[in-house]
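Observations on the model geometry
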Amino acid sequence: MGTIQLKTSIPGPKSRALVERQEAAVPRGLSHATPVYVARAQETWIEDVDGNRFLDFAGGIGSVNTGHRNPQVIRAIAAQLEAHLHTCAQVTPYENYVRLAERLNHITPGKHPKKTLLVNTGAEAVENAIKIARAHTGRAGVIAFEDAFHGRTLLTLGLTSKTHPYKAGFGPFASEIYRIPYAYCYRCSYSLSYPSCDVLCARHLEDTFRRVVASEDIAAVIAEPVLGEGGFIVPPPEFFRILIDICHQHGVLFIADEVQSGFGRTGKMFACEHYHVEPDIVVTAKSLGGGLPLAAVTGRAEIMDAPGPGGLGGTFAGNPLSCAAANAVIDTFEQGKLLARANAIGEHFERRAKKWEGQFQAIGEVRGLGAMRALELVKSRQSREPAPEDTKAVTRFCYEHGLITITAGTYDNVIRLLVPLVASNEQIEEGLDVLENALASVCGQSAFSETAAK
Ligand SMILES: Cc1ncc(COP(=O)(O)O)c(C=O)c1O
């Protein structure tokens, strides 16, 4: 028997009742991708309040790479519960925080001396990374990318690219934020092709310093090593090398936002390792906490020490339960085979998805790194016109048939894989069967002739 077990139509009656209560009690701004309310979750499955069991390919938006309720994480949380809860690291500190900082300093890219600040969320970590970069350089400006996502607080919204639903109506945003195109080769902003483009989008930073903003006014360039909400876009291997070289020639820091791509998602601990680059500051969150809220800013020691005592912190930042969970997450990666598993899952997805490319002309591109994989759906391969309605219909078919998936992309036309890395081959196959049925149902069997012409 497979993992998926459905007993009612989806959503079931108890979930439907909860949708009504949520609509009355919670602002509509907090939308939910599936109208299914959780009762329990373990490893790769979620059981809803109606007793239906779903396979989870969304993993709390990539926050449970080690699996729901990973036993090592649960044991560490339980032990911490017996010892103490919040005391505030700024008042009476505790070893768990220091140990986690030491370990993050050790495992993030680069052998240089580092220091780590712990906070609660990805957005809070990005905010702090910018504060620290400003304090270190004495410069105010930040350069971010088109299609980037860095959070929903007011500074991070300024860094985030997508207008609807994230930014529209929430301005004004912080000043001194500039934006340049990312290496989204499928929709190149310069209408060029790789490799003949010579990675113009990275080299364009020099031009930006000449035509848009002086480099001596820029504290940092911030980028996701693989775009997350932007649609799982993987830049060419030399993109970050070129970009970081230009940054350093101008005394500009490079901040890697590994909130979604980190902690094994791409088959390496951090996606930057694929490109052999060492960011000045790395921001992590999501799967760092193994299911508890936690985020970190890790950077070169001299940069991290720029803000004076009291310049950084937060009441709950680095709370003991989350630190215990994160230390167990790192143990799991150190002891286990999760990175190899991420690569195996990614290859499994790629094999099936490449076959689908021959079946469904709606598939514009199959892409990703490790287990950070995605399908970009289009109305036609010639026009590359995004297909957001079909994408939504595919995810709906999926949850109605027991598979939880989420979308991404500036054009809402990407289906992304964020399955916990503890998923078995059978579970991946079972989930991909549902996804294939969804594609067949929504996009239909398609023109092989066009595929052959591709
Ligand atoms: C790359 C990236 N940065 C920052 C964030 C914001 O993290 P949080 O939602 O924990 O504030 C996200 C969230 O999806 C993200 O994907």
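Refer to the structure printed above.
Treat the numbers as computed from the prediction; the structure is a model and nothing was measured. All chains use their own residue numbering, which begins from 1 and follows the written sequence. The predicted nature of this model means local features are confined to residues of pLDDT at least 70 and side-chain atom pairs, given and counted, to a pLDDT of 80 or more, with totals for whole chains, interfaces and linings taken over all residues. The side-chain numbers reported here are obtained from all heavy atoms of the structure, hydrogens and water having been left aside.

**What about the site of the ligand?**
Close to the ligand lie Thr121, Gly122, Ala123, Phe149, His150, Gly151, Glu224, Glu229, Asp257, Val259, Gln260 and Lys286. By the criterion applied in these results, polar contacts are pairs of N or O atoms within 3.5 Å in which, for protein atoms, one can donate a hydrogen and the other can accept it, and in which residues neighboring in sequence qualify only through two side-chain atoms. Within the backbone of Gly122, one N or O atom sits 2.8 Å away from an oxygen atom of the ligand. Here Gln260 contributes a side-chain N or O atom positioned 2.8 Å from an oxygen atom of the ligand. When the ligand sits alone it has 390 Å² of accessible area, and the protein chains cover 82% of it. When at least one non-hydrogen atom of a residue lies within 4 Å of a molecule or strand, that residue is treated as near it. Here, Shrake-Rupley sampling with a 1.4 Å probe gives the accessible areas, and only protein chains in the shown set may cover a residue.

**Looking at the sheet that holds strand E9 (residues 281–284)**
If you trace the seven strands from one edge of the open sheet to the other, you get E4-E10-E9-E8-E7-E5-E6, paired in mixed fashion. Each edge of the sheet is formed by a strand with only one pairing partner; in this case those strands are strand E4 (114–119) and strand E6 (177–180). Pairwise comparison of adjacent strand axes, ignoring direction, gives a mean angle of 20 degrees for this sheet. Two strands form a pair only when DSSP identifies at least two bridges running between them. Strands are runs of DSSP state E lasting at least two residues, helices are runs of H or I lasting at least four, and both sets are numbered from the N terminus onward. Relative to strand E10 (residues 295–300), E4 is paired through six bridges, and the arrangement is antiparallel. Lines fitted to C-alpha atoms define the axes here, with helix axes fitted over just the stretch in contact, and angles between the N-to-C directions of these axes take values from 0 to 180 degrees.

**Considerations on the pattern of salt bridges**
Throughout this description, the term salt bridge denotes a Lys or Arg side-chain nitrogen within 4 Å of a carboxyl oxygen of Asp or Glu. On inspection of all chains with the given rule, the structure shows 24 salt bridges. Asp412 is the partner of Lys162 in a salt bridge, and the nearest nitrogen-oxygen pair spans 2.6 Å. Placement of the pair is Lys162 in the loop between helix H6 (154–159) and helix H7 (163–167) and Asp412 in the loop between strand E14 (406–408) and strand E15 (414–417), with a sequence separation of 250 residues. In this structure, Glu229 and Arg416 form a salt bridge, with 2.9 Å as the shortest nitrogen-oxygen distance. Within this pair, whereas Glu229 is found in the loop between strand E7 (218–223) and helix H9 (239–249), its partner Arg416 is found in strand E15, the two being separated by 187 residues in sequence. The network of salt bridges with common partners includes Arg352, Lys355, Glu429, Asp433 and Glu436.

**Comments concerning helix H3 (residues 71–83)**
In this model, H3 (13 residues) spans 19 Å end to end at C-alpha, consistent with the 18 Å of a helix rising 1.5 Å per residue. Taken residue by residue, H3 has Val73, Ala76, Ile77 and Gln80 as its buried positions. In an axial view of H3, the angular spread of the buried residues amounts to 100 degrees, which keeps them on one side of the axis. Turned more than 90 degrees away from the buried face of H3, the exposed residues are Arg75 and Glu82. Buried residues belonging to H3 abut helix H4 (95–107) and helix H12 (320–335). If you check the start of H3, you find a side-chain oxygen 2.9 Å away from the backbone N of Gln72, and it comes from Asn70. In a helix, the anticipated span is given by 1.5 Å times the number of residues less one. Buried means the residue's accessible area, taken with a 1.4 Å probe over protein chains only, is under 20% of the maximum for its type, while exposed means over 50%, and partly exposed covers the values in between. Note that the arc is computed from the directions linking the helix axis to the C-beta atoms. Residue contacts are defined here by distance: any two heavy atoms, one from each residue, within 4.5 Å place the two residues in contact.

**Overview of the environment of Ser31**
Position of Ser31 relative to the elements: it lies in the loop between helix H1 (13–25) and strand E1 (38–42). Overall, the relative accessible area of 62% leaves Ser31 in the exposed class. Expressed as a C-alpha distance, the spacing of Ser31 and Ala362, which sit 331 residues apart in the sequence, is 26 Å.

**A short note on empty space enclosed by the protein**
With a 1 Å grid laid over protein atoms only, a set of points is called a cavity when a 1.4 Å probe fits there but cannot get out and a pocket when it is open yet has protein on both sides within 12 Å along at least five of seven lines; lining residues have an atom within 4 Å of a point. Grid points are joined across faces, edges and corners, and a volume is the space filled by probe spheres set on the points. Counted by the stated rule, this structure contains two cavities of 30 Å³ or more. In this structure, the largest cavity encloses a volume near 120 Å³. Lining the largest cavity we find 16 residues, and of these Ala183, Cys185, Cys188, Cys197 and Cys201 sit closest to its centre. Classes in brief: Ala, Val, Leu, Ile, Met, Phe, Trp, Tyr, Cys and Pro nonpolar; Asp, Glu, Lys and Arg charged; the others, Gly included, polar. Partitioned by chemical class, the residues of the lining of the largest cavity number 14 nonpolar, two polar and no charged. Empty space within the second largest cavity amounts to approximately 40 Å³. If you trace the second largest cavity, you find it lined by Phe57, Phe349, Arg373, Thr405, Ile415, Arg416, Leu417, Leu432 and Leu435. Every element with two or more residues in the lining of the second largest cavity is listed here: E15 and helix H15 (425–443). Here the lining of the second largest cavity is composed, by residue class, of six nonpolar, one polar and two charged.

**Focus on the sheet that holds strand E13 (residues 403–404)**
Spatially, E1-E2-E3-E13 is the arrangement adopted by the four strands of the open sheet, whose pairing is mixed. Because the sheet does not close on itself, it has two edges, and the strands there are E1 and E13. In this sheet, strand E2 (residues 45–48) lies alongside E1 in antiparallel orientation, the contact comprising four bridges. Among the inter-strand pairings, Ala41 is bridged to a residue of E2, identified as Ile46.

**So, the layout of surface pockets**
Empty space among the atoms becomes apparent when a probe as large as a water molecule is rolled across them. Quantified by volume, the second largest pocket comes out at close to 500 Å³. Of all elements in the fold, only H4 and E4 reach the threshold of two or more residues within the lining of the second largest pocket. The biggest single contributor to the lining of the second largest pocket is E4, with four residues. Of the residues that constitute the lining of the second largest pocket, the class distribution is 13 nonpolar, seven polar and two charged.

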